[in-house]
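# Structural description and commentary
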Amino acid sequence: MKNVAVIGAGTMGNGIAHTFAQSGYKVNLIDISQPALDRAIATISKNLDRMVAKEKISEADKTATLANISTFTEMVEGVKSVELVIEAATENVDLKLKIFKAINDATNENVILATNTSSISITQIAAVTNRPDKVIGMHFMNPVPVMKLVEIIRGYSTSDEVTNTIMDLSKKLGKTPTEVNDYPGFVANRILMPMINEAIITLHEGVAGVEEIDTVMKLGMAHPMGPLQLADFIGLDVCLSILNVLYEGFGNSKYAPCPLLVNMVMAGKKGVKSGEGFYSWTHGTKDLIVSSQFK
């Protein structure tokens, strides 16, 4: 496997493209928006510059990595002559099903189709293709070039051969693949999202403030960042989407999103991506400033 297509040039998509390209793979990065593709290449270049400055890679490595990435606004052109397609679009089931129908029709039947979904059923996605045995989940963690874990999710029909191929591929990327089965939220988000939701409920009920909640979890539980800061980093809209998948998938009230989270997303307070969530991010990320609505 030498040629890979990545669909979606957002945070996860450009991170996945960066990781494959740095490992020597030819990557076709696909997005309907040319400005999004331009931003993605600028982000990858900036991240590579940071690695050069830290002497983790050479200037020649940076040049080679960028040379391995081609950009496309037309999906049919972008998925030609690849052995693997990884979808990294917005966490929306209707959008993902539409994309998978399209890539199924645009690629030959031997191409493996992977999704970076963090919670949506692999089996449901595979059902819109004519090769459910070749559909698999590759849930990378953010930031992709740094984080070692990849959740490898088998759908109901995913073959052993495809699973083994993707497990081996992940290791070649320097990652630690962990195989899990196809249930709502998989492992990472089935455990993480209820914790984040409970932190938001704790804030909503006035038990403690934003900084206090995050401090308890950082210093008391040795978490690198508190759950509210992490929620801002992930995106509150993404957290809400995953909680809804868990709630609808299990029908258990313990996964019901906190009303505060719902209201914040409706108000456009989505965390880092919008400039404000539980913290204000308009000043940058070095110093945490609690959003004025919680002071």
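Where an unreviewed UniProt entry is consulted, the chain appears under the name 3-hydroxybutyryl-CoA dehydrogenase, with the organism given as Vicingus serpentipes. Taken directly from UniProt, the Sequence similarities (unreviewed entry) text for the chain runs: "Belongs to the 3-hydroxyacyl-CoA dehydrogenase family."

### A closer look at the nonpolar core
Soluble globular proteins: nonpolar side chains tend toward being buried together. Of all hydrophobic cores here, the largest spans 34 residues; its most connected members are Phe20, Leu84, Phe140 and Ile166. Discounting chain neighbours no more than four positions away, the residues touching Phe20 are Val4, Tyr25, Val27, Leu84, Ile86, Phe140, Leu169 and Leu173. Among the nonpolar cores identified, the runner-up in size contains 26 residues, and Leu240, Leu243, Met264 and Tyr279 belong to it.

### Examining the sheet that holds strand E4 (residues 84–87)
Strands sit in the order E3-E2-E1-E4-E5-E6-E7-E8 across an open sheet of eight strands; the sheet is mixed. Strand pairing shows two members of the sheet lacking a second neighbour, strand E3 (69–72) and strand E8 (176–181), which therefore form its edges. Averaged over all neighbouring strand pairs, the angle between strand axes comes to 25°, with direction disregarded. Note: strand E7 (residues 149–154) against E8, six bridges, orientation parallel. For Arg154, the partnering residue across the bridge sits in E8 and is Asn181. Across the sheet, helix H7 (residues 160–172) lies against E4, strand E5 (112–115), strand E6 (135–140), E7 and E8, angled at about 175° from E7, the strand it touches most.

### With respect to the packing of helix H11 (residues 236–250) against helix H12 (residues 259–266)
Following both chains from N to C, one finds H11 and H12 inclined at 130°, their axes separated by 9 Å at the closest point. As summarised for this structure, H11 and H12 are arranged oblique, according to the angle between their axes. Here H11 runs over H12; the crossing is left-handed. Where H11 abuts H12, its residues Leu236, Asp237, Cys239, Leu240 and Leu243 lie against Leu261, Val262, Met264 and Val265. The residue makeup of the contact of H11 with H12, split by class, is eight nonpolar, no polar and one charged.

Cut-offs and rules
Residues numbered from 1 in each chain as written. Predicted model: local features only at pLDDT ≥ 70, side-chain atom pairs only at ≥ 80, totals over all residues. Heavy atoms only, no water. UniProt positions renumbered as here; feature names shortened; annotations may be inferred. Core = buried A, V, L, I, M, F, W, Y, C linked by side-chain atoms within 4.5 Å. Buried < 20%, exposed > 50% of the residue type's maximum accessible area, 1.4 Å probe, protein only. Contact = heavy atoms within 4.5 Å. Pairing = 2+ DSSP bridges. Helix = DSSP H or I, 4+ residues; strand = E, 2+ residues; numbered from the N terminus. Axes fitted to C-alpha atoms, helices over the stretch in contact; angles between N-to-C directions. Parallel < 35°, antiparallel > 145°, perpendicular 65-115°, else oblique. Left-handed = near helix turned anticlockwise from the far one by under 90°. Nonpolar A, V, L, I, M, F, W, Y, C, P; charged D, E, K, R; others polar.

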